[in-house]
Amino acid sequence: MSRIGNWLAAPVAAVLVALCLAPLAVLFAYSFFQVDFVTISTDPTLKNYARIAGSATYRALIGHAFLSGAVVVAITALIGYPVAWFIARRGGVRKSALLTLLLVPLYTGDMVRIFAWRVILGAEGVLNRLFLWLGLIDQPLQVLLFSPVASHLVLVYNYLPFMVIGLWLGFEALDERLTEAARDLGAPAREVFRRVTLPLTLPGLIAGGMMVFVLVVGDHLTPQLLGGASGVTVISAINDLFGTAFDWPLGSAIACTLLATLGLCCALAAFALSRTELGRSLAAGEA
Amino acid sequence: MPDRPPLPLLRADALHKAYGSYHAVRGVDFRLMPESYVTLLGPSGCGKTTMLRMIGGFETVSSGRLELDGQSLLDIPAPRRPINTVFQSYALFPHLTVEENVGFGLAYRGRAGLGGDGRGLDRAAMRQKVATALSTVRMEQMAARRPRHLSGGQQQRVALARAIVNEPRILLLDEPLSALDRRMRRDMQIELKDLQRRLGMTFLHVTHDQEEAFALSDHIIVMNAGLIEQQGAPQEIYRRPDSAWVADFIGGSNVVPGRVLALDAGRARIGTAIGEVTAPARRGLAVDEAAALCIRPEQLSREAAAAPGAATVEAAVTHAVFAGSGWQVELRAAGGQPLSARLGEAPAPGETLRLAFDPARAWVTRGAAAGPRA
């Protein structure tokens, strides 16, 4: 039986190897090559990694990517919890309608959304005009556009639906009678959330958080078009190295470093979580 | 000097719950005496669970009064009521161990509110209380397990321990035995009653199972369509149902519709399809009103064994089932009136029997169509 199962799984494994692992292996191999004038020499070397380690710019870019990801995950989680809870508590048609509304902006495309935000946030934009008209400010706020504030605002806007979907699935799996039981036992609302709602929706939070984090780290358009001087990201740097600079080995090395750091962070987070009561209960819940 | 009657623990006056235009509970009055075991009995949709949820604080009260020890509960949210619930599905926290489940509520003991003394519990005292509660329900061996690794009966016990450990003034039980098999249900009924006596706690138990209500209660509140049909001691409800509906719902009784012909000193003469009978009657009946004659199956016997003064009825056997201690026999009397009797010997199918009963032990009550609610 299991032998047949193995054979049936073979095509899936083959696709995974061909589409995921093979490109990564190629990338990994390239990271040890070197550009020799206009050709790529395949003599293995660690020079690329040495350059990254020695460059404050690259280290800062990777650090910023992670910081942005963490900040956006935190903000989307804060906004997403009440939204997901609200959606999960609706019945039938209303729930479907709300979920559809949540996803509609995703159909409009990155560029359209980014330019829509430029119209809203610009010096002559909707918000500045409104504030001027209300007399809240004397002259247009420049910080609204081409700043880290602008790019993070739009990153939150862009990826909030992914967080809400993850949390919504978490809430769907949460039995409402359990929160009722917690109230029955005397727990005030804050404690009901901390001891029942949070641990039992944690799988949804992790799923949503992972999606948002990866998407934010990988998004270079939003910071580039809205972040102004702060708009250079590690992804745009990799893009430039592969494109204009024709330094595939260095680009690959940065990509690999990013991946390795990401893996390390996940492992550390998992380890830290496993040391808490929350994590133990989660692990037991999946056992 | 006579003892003053004890004060009720819980008082509900004209309690009413409406969801939009649907009225789940339509003005209900009752008292819960301290240290009593009370059941709310009724078919599904009669409003009994809504009542329980209003007392627990999970539904707001549309109108009426609800008082615990003379203090209104209406403005007190669920977490601050000294009342705990055993939920129908147990609602144990799947991510916590048995011990953590039972200790859950103790962290909030002593918070200001009804029954709180403003002091919390230290860890040692909490652990001691959890251990005591677990041994009360004989689950001390399972303290480190998680709910999913327990059987239905064990989960039930943990749910009980989790509630009683908080020493609530009232323990609410929402159909707690409905998920258990028949045998387990019997055992748990005995344990519940025993527990209530030992703890001297007040239990309010919701069920749709008459047998369960009879087995457990000091006092039964029979509900139908959002109103109380009758309340009283189990024997009272069994022997003297207040309406044909109660007699029918309690079951086990032959309810023969008829009309009151005459009334005299607590007795009524009722005309029915199986003849005219004079029997003890509920108060408040009027001559010519629709009424019902209730005869319990064990009161019917073959005519030969009848005492003098017995009423008789002829009926054809339609079905007979061996029921251990005797035969449960279904019959059809004049006018197609179905009857059931409990006889010592098996009748032949289709045989016409002359059955007798003592009218003094029968009961005349309000007819099905007489009340404002059919």
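Check the entry above for the structure.
Rules behind the numbers
Residues numbered from 1 in each chain as written. Chains lettered and ligands numbered in written order. Predicted model: local features only at pLDDT ≥ 70, side-chain atom pairs only at ≥ 80, totals over all residues. Heavy atoms only, no water. Helix = DSSP H or I, 4+ residues; strand = E, 2+ residues; numbered from the N terminus. Buried < 20%, exposed > 50% of the residue type's maximum accessible area, 1.4 Å probe, protein only. Contact = heavy atoms within 4.5 Å. Areas by Shrake-Rupley, 256 points an atom, 1.4 Å probe, with all protein chains shown as cover. Lys, Arg positive; Asp, Glu negative; His and termini not counted. Charge placed at Lys NZ, Arg CZ, Asp CG, Glu CD. Salt bridge = Lys/Arg side-chain N within 4 Å of Asp/Glu carboxyl O. Patch = residues over 30% accessible without salt bridge, like charges linked within 9 Å, V, L, I, M, F, W, Y side chains within 5 Å. Buried area = accessible area lost by both parts, 1.4 Å probe. Polar contact = N/O pair within 3.5 Å; in protein donor to acceptor, adjacent residues only side chain to side chain. Core = buried A, V, L, I, M, F, W, Y, C linked by side-chain atoms within 4.5 Å. Pairing = 2+ DSSP bridges. Axes fitted to C-alpha atoms, helices over the stretch in contact; angles between N-to-C directions. Parallel < 35°, antiparallel > 145°, perpendicular 65-115°, else oblique. Nonpolar A, V, L, I, M, F, W, Y, C, P; charged D, E, K, R; others polar.

Peer 1: Help me out: how do you make sense of the overall build of chain B in this one?
Peer 2: For chain B, the helix and strand inventory stands at 8 helices and 20 strands. Seen along its three principal axes, the alpha-carbon backbone of chain B occupies a region of about 75 × 50 × 45 Å. Within chain B, the fraction of its 374 residues that count as buried is 49%. Considering only residue pairs separated by 6 or more positions, chain B has 66% of its internal contacts joining residues 24 or more positions apart. Carbon and sulfur atoms make up 49% of the accessible area of chain B, which totals about 17200 Å².

Peer 1: What's the story with the overall build of chain A in this structure? I'm lost.
Peer 2: When you go through chain A residue by residue, the secondary structure sums to 13 helices and 2 strands. Along the three orthogonal principal directions, the C-alpha set of chain A runs to about 75 × 70 × 35 Å. Here the analysis covers contacts within chain A between residues at least 6 apart in sequence; of these, 67% occur between residues at least 24 apart. For chain A, the exposed surface amounts to about 16200 Å²; the carbon and sulfur share of it is 72%. Of the charged side chains in chain A, 18 are positive and 16 negative, and the gap between their average positions amounts to 5 Å.

Peer 1: Looking at this structure, I do not really get the pattern of salt bridges. What am I missing?
Peer 2: All chains considered together, the criterion is met by 28 salt bridges over all chains. With a shortest N-O distance of 2.8 Å, Glu180(A) and Arg53(B) are connected by a salt bridge. Within this pair, whereas Glu180(A) is found in helix H8 (residues 176-184), its partner Arg53(B) is found in helix H1 (residues 48-56), the two belonging to separate chains. A relative accessible area of 17% means that Glu180(A) is categorised as buried. For Arg53(B), a relative accessible area of 24% translates into the label partly exposed. Across the salt bridge formed by Glu276(B) and Arg269(B), the nearest N and O atoms sit 3.2 Å from each other.

Peer 1: Where do I start with a nonpolar patch on the surface in this structure?
Peer 2: A contiguous nonpolar surface patch, about 440 Å² in accessible area, is contributed by Leu67(A), Val71(A), Ile75(A), Leu78(A) and Ile79(A). Checked against the element boundaries, Leu78(A) lands in helix H3 (residues 56-88).

Peer 1: Explanation requested: the interface of chain A and chain B in the structure shown.
Peer 2: Often, the extent of an interface is quoted as the loss of accessible area upon association of its parts. Counting from both sides, the interface comprises 20 residues of chain A and, opposite them, 26 residues of chain B. With both sides pooled, the region where chain A packs onto chain B buries about 2100 Å², and carbon together with sulfur makes up 58% of that total. Remark: the boundary between chain A and chain B carries 1 salt bridge. Our count for the chain A to chain B interface comes out at 8 residue pairs in polar contact (both at pLDDT 80 or more).

Peer 1: Sorry, what's going on with the nonpolar core here?
Peer 2: The nonpolar side chains of a soluble globular protein tend to be buried with one another. Residues Tyr58(A), Val212(A), Val234(A), Ile254(A) and Leu258(A) are the most contacted members of the largest nonpolar core, which totals 39 residues. Contributions of two or more residues to this core are made by H3, helix H4 (92-103), helix H7 (148-172), helix H9 (189-218), helix H11 (234-242) and helix H12 (248-274) of chain A. If you tally residues by element for this core, the top one is H3(A), at 12 residues. Ignoring any residue separated from it by four or fewer positions in sequence, one finds Tyr58(A) in contact with Ile52(A), Leu241(A), Leu250(A) and Ile254(A). Counting residues in hydrophobic clusters, the runner-up holds 32 residues, among them Leu150(B), Ala159(B), Ala161(B) and Leu171(B).

Peer 1: For this particular structure, what's the right way to read the sheet that holds strand S9 (residues 219-224) of chain B?
Peer 2: One key point about sheets: their strands pair by backbone hydrogen bonds, in either a parallel or an antiparallel sense. Residues and elements named next belong to chain B. The strand order S6-S7-S8-S3-S9-S10 describes an open sheet built from 6 strands, whose pairing is mixed. Where the open sheet ends on each side, the last strands, each with one partner, are strand S6 (83-86) and strand S10 (227-232). Across the sheet, the mean angle separating the axes of adjacent strands is 20 degrees when strand polarity is ignored. Of the strand pairs in this sheet, strand S3 (residues 37-41) and S9 are connected by 4 bridges, and their pairing is parallel. Across the sheet, residue Leu 41 finds its bridge partner in S9, namely Val 222. Contacting S6 and strand S7 (170-174), helix H4 (residues 152-164) crosses the sheet at an angle of about 175 degrees to S6.

Peer 1: Explain the packing of helix H5 (residues 110-121) of chain A against helix H6 (residues 126-134) of chain A here, please?
Peer 2: Geometrically, a packed helix pair is captured by the angle between its two axes and the distance between the axes. All names here are of chain A. Direction vectors running N to C along H5 and H6 enclose 20 degrees, while the axes themselves pass 4 Å from each other. Here H6 runs roughly parallel to H5, going by the angle between their axes. Contacts between H5 and H6 involve Val 119, Ile 120 and Leu 121 from the former and Val 126, Leu 127 and Asn 128 from the latter. Residue composition of the contact of H5 with H6, grouped by class: 5 nonpolar, 1 polar and no charged.

Peer 1: Please explain the side chain of Glu67(B) as it appears in this structure.
Peer 2: All names here are of chain B. Positionally, Glu 67 belongs in strand S4 (residues 63-68). Within the structure, the side chain of Glu 67 is placed 3.5 Å from the side chain of Arg 65, a separation counted as a polar contact. Apart from the residues within four sequence positions on either side, Glu 67 is in contact with Leu 9, Leu 10, Arg 11, Ser 72 and Leu 73.

Peer 1: Could you clarify how one ought to interpret unusual backbone geometry in this entry?
Peer 2: Residue and element names in this part refer to chain B. Positive phi, close to 55 degrees, is recorded for Arg 138, a residue that is not glycine. One can find Arg 138 in the loop between helix H3 (123-136) and H4. For Arg 138, a relative accessible area of 53% corresponds to the exposed category. Backbone geometry at Ala 265 places phi at a positive 45 degrees, although glycine is not the residue there. By the secondary structure assignment, Ala 265 is in the loop between strand S11 (254-264) and strand S12 (267-272). Accessibility expressed as a relative area gives 73% for Ala 265, which makes it exposed.

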